[in-house]
Amino acid sequence: MLIFRYFTVSFFLFSSAIASCQYVFYVDSIYVTGNRHTKEYVVLSEMNIHPGDTINMENMQNRFEANRKLLQNTSIILDATFIVHQLDTLHKTAQLEVNVKEAWFLYPAPIFELADRNFNVWWVEQKRSINRINIGLKGYHTNLTGNRDRIKALYQTGYTQKMELEYSYPYLNRKKTLGVGVTFLYSSNRELGYNTLNNALVFYKDRDQFLLRRYRSGIGLTYRPNLISTYNFGIAYQENYVDHYIVEQLNPQYFGNGSTSQMYLGLFGRYTYDKRDIRPYPEKGFYFNISVEKYGIGKLNDYKAFYVSPTAAVYVKFNNRLFSENNIKIQANLDRSKVPYNQNRALGYTNNYIRGYEYYVIDGTDYIYTKNNLKFKVLEKQINARWIPLRQFQVIPFKCYLTANFDVGYVVDEHYGQSNPLSNTLLTGYGLGFDIVLLYGNVLQIEYSWNGKGENGLFLHGKTNF
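Sequence order sets the numbering: in each chain, residues are counted from 1 along the sequence as written. Per-residue local features are limited, in this predicted model, to residues with pLDDT of at least 70; the limit for side-chain atom pairs, both in listing and counting, is 80 or more; totals at the level of whole chains, interfaces and linings are taken over all residues. With hydrogens and water set aside, each side-chain value is computed from the structure's full complement of heavy atoms.

A. Quick peek at the overall build of the protein. A run of H or I in DSSP counts as a helix once it spans at least four residues, and a run of E counts as a strand once it spans at least two, with each numbered from the N terminus. Check the secondary structure of the protein and you find five helices and 24 strands. C-alpha atoms define the radius of gyration, and 2.2 Å times the number of residues to the power 0.38 defines the globule rule. A globule of 466 residues ought to have a C-alpha radius of gyration of about 23 Å, and the protein, at 25 Å, matches this closely. Exposure categories follow from relative accessible area, calculated using a 1.4 Å probe and restricted to protein chains: below 20% of the type maximum is buried, above 50% is exposed, and the middle band is partly exposed. Relative to its 466 residues, the protein shows a buried fraction of 46%. Of the contacts formed within the protein by residues at least 6 apart in sequence, a portion of 59% connects residues at least 24 apart. Carbon and sulfur atoms provide 58% of the accessible area of the protein, an area that totals close to 23,000 Å². We treat Lys and Arg as the positive residues and Asp and Glu as the negative residues; His and chain ends play no part in the count. Charge placement uses NZ in Lys and CZ in Arg. For Asp and Glu, CG and CD serve respectively. Positive and negative side-chain charges of the protein, numbering 51 and 39 respectively, have mean locations separated by a distance of 3 Å. Contact criterion: two residues are considered in contact whenever any of their non-hydrogen atoms come within 4.5 Å of each other. Here the Shrake-Rupley method, with its probe set to 1.4 Å, supplies the accessible areas, and only the displayed protein chains count as covering residues.

Shown next as structure tokens:
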């Protein structure tokens with residue numbers, strides 16, 4: 001029997017097919033093995049090979065490799081092997097077995113995370129304060145009933161007290177194109193960044209009472225007509241409450257109207273086109289997303305905005321070691337009324353930042369930035385950890401990339417920019433670094449960057465895939 005990396009066929013039948021120039025076969029049936037928890041239809045729904053399809057022998061390995069990556073991108077399948085059985089050279093038919101290795105689905109984990117925007121802010125500006133650490137417990141199941149439905153439950157204390165619950169079910173209809181999700185959140189803080197001066201957050205703390213409380217609930221629908229296109233629609237309701245001292249003494253514009261409460265209803269729509277090879281850390285492909293968000297509907301309009309936000313990324317693989325990544329993101333607020341301070345956020349939060357400016361926040365309603373990377377794969381190997389009792393963690397992939405980075409961005413702040421010189425100014429950052437990619441697409445980034453102010457430093461970033 002001739003064994004390939006991703007498929008096996010009988011040597012005799014395969015040789016006969018080649019000799020008789022029968023390079024094409026039809027997939028008579030497909031069945032899944034190795035799936036202990038995941039429903040078979042879930043695996044089949046995430047592939048672009050179906051019964052009745054024609055497969056060219058010359059392109060078979062590439063076709064199987066592409067589907068292996070499609071299954072890996074679900075995050076519930078670690079790997080897949082495609083095996084051809086009963087190849088009938090006369091009728092040009094065959095059976096296809098998909099042998100999958102399931103990922104670990106349940107992540108009950110203690111929470112130990114920094115409350116600050118990034119590691120450097122906590123380490124340098126906040127002097128590694130243990131009071132700015134969140135602790136708690138979260139449970140995250142990526143495949144609760146075997147239908148690729150996800151649930152997340154979180155309880156957190158420390159700097160931010162938080163309770164959160166999320167659930168999504170992706171296959172409501174027979175065509176497996178409709179999904180639904182719900183979310184609930186409560187959080188509160190005794191310390192609050194109540195203003196931005198010189199592009200730095202100014203904090204106030206009260207040990208005796210909460211300064212900010214937030215409640216959010218929402219429901220969304222997903223329409224996924226094919227494996228690379230997704231439409232999301234949803235509605236969310238939010239309530240925010242701030243202590244009267246913040247509004248009366250520190251920043252009357254915190255909610256924009258001198259009030260201690262803020263209530264609003266939001267609608268959103270989003271389209272995503274995702275043709276990346278490995279979504280947690282792509283090496284080639286294309287990604288596009290555009291979202292439209294309307295806040296302030298009817299009487300629930302303490303916050304009014306109408307955002308249009310397109311994002312695009314191109315990944316190019318020059319060879320097995322050299323890659324490039326180019327991203328652009330734009331946010332435009334079509335409602336030009338004054339935005340409350342607490343909603344006037346642009347760069348410096350979450351993953352929206354210009355490298356070299358990690359110590360700064362650049363607030364505003366509109367922004368554009370591009371992040372560009374040239375990557376060289378230094379190392380790729382698999383670490384065998386047979387001593388780990390869970391089979392999903394016994395083989396740990398490890399990749400290391402040397403990166404050269406260049407970022408450009410611009411933020412428009414029409415209302416608060418007079419106190420923050422980096423707003424309404426061209427921002428540039430560049431540098432060198434290492435990207436370390438671990439199991440399940442978790443990434444550690446170590447970068448030395450320079451910014452347009454002539455400042456430089458070593459910065460650490462991390463991205464988890466769950």
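B. Region of interest: the sheet that holds strand β5 (residues 77-88). At least two bridges found by DSSP between two strands is the condition for calling them paired. With respect to topology, four strands assemble into an open sheet ordered β4-β3-β6-β5, the strand pairing being mixed. In the strand order of this sheet, the two ends are held by β4 (54-56) and β5, each with one partner. Mean inter-strand twist for the sheet, computed between neighbouring axes without regard to direction, equals 40°. Across nine bridges, β5 lies against strand β6 (residues 93-102) in antiparallel orientation. Counterpart to aspartate 79 in the pairing with β6 is lysine 101. The strands touched by helix α3 (residues 60-72) within the sheet are β3 (24-33), β4, β5 and β6, with β5 carrying the most contacts at an inclination of about 145°. A fitted line through C-alpha atoms serves as each axis, taken over the contacting stretch for helices, and the angle formed by two N-to-C directions is quoted from 0 to 180°.

C. Looking closely at the pairing of strand β15 (residues 229-242). Two strands pair when backbone bridges link them, and strand β14 (residues 212-223) and β15 are joined in this way by 12 bridges, in the antiparallel orientation. Bridge pairing links isoleucine 219 to isoleucine 235 in β15. Hairpin connection, β14 to β15: the antiparallel pair is bridged by five residues. Looking at chain direction, β15 and strand β16 (residues 261-276) are connected through 13 bridges and run antiparallel. When the sheet's bridge partners are listed, serine 229 is paired in β16 with tyrosine 273.

D. Inspection of α3 at higher detail. Expected helix span is computed as 1.5 Å times (number of residues minus one). Taking 1.5 Å of rise per residue, 13 residues should cover 18 Å, and α3 covers 18 Å from first to last C-alpha, within 8% of that figure. Turning to α3, its buried residues number three or more, namely Met60, Phe64, Glu65, Asn67, Arg68, Lys69, Leu70 and Leu71. Among the structural elements, β3, α2 (40-45), β4, β5 and β6 are those in contact with the buried residues of α3.

E. Spatial organisation of the environment of histidine 91. The residue histidine 91 is located in the loop between β5 and β6 in this model. Histidine 91 gets classed as exposed once you look at its relative accessible area, which sits at 53%. For the pair formed by histidine 91 and asparagine 198, sequence separation is 107 residues and the distance between their alpha carbons is 74 Å.

F. Representation of the packing of aromatic side chains. Classification of ring pairs uses Phe, Tyr and Trp, with its six-membered ring standing for Trp, and accepts pairs whose centres are within 6.5 Å; under 30 degrees between planes counts as stacked, over 60 as edge-to-face, and the remaining range as tilted. Under the counting rule described, the total for this entry stands at 22 aromatic pairs. A centroid spacing of 5.6 Å and a plane angle of 70° characterise the contact between tyrosine 41 and tyrosine 171, whose relative ring orientation is edge-to-face. With tyrosine 41 in helix α2 and tyrosine 171 in the loop between β10 (160-169) and β11 (178-189), this pair connects stretches of sequence that are 130 residues apart. You can call tyrosine 41 partly exposed: its relative accessible area is 25%. Across the ring face of phenylalanine 210, the terminal group of arginine 190 is positioned such that the distance to the ring centre comes to 4.2 Å. The criterion for a charge sitting over a ring is simple: Lys NZ or Arg CZ within 6 Å of the ring centre, and within 35 degrees of the ring normal.

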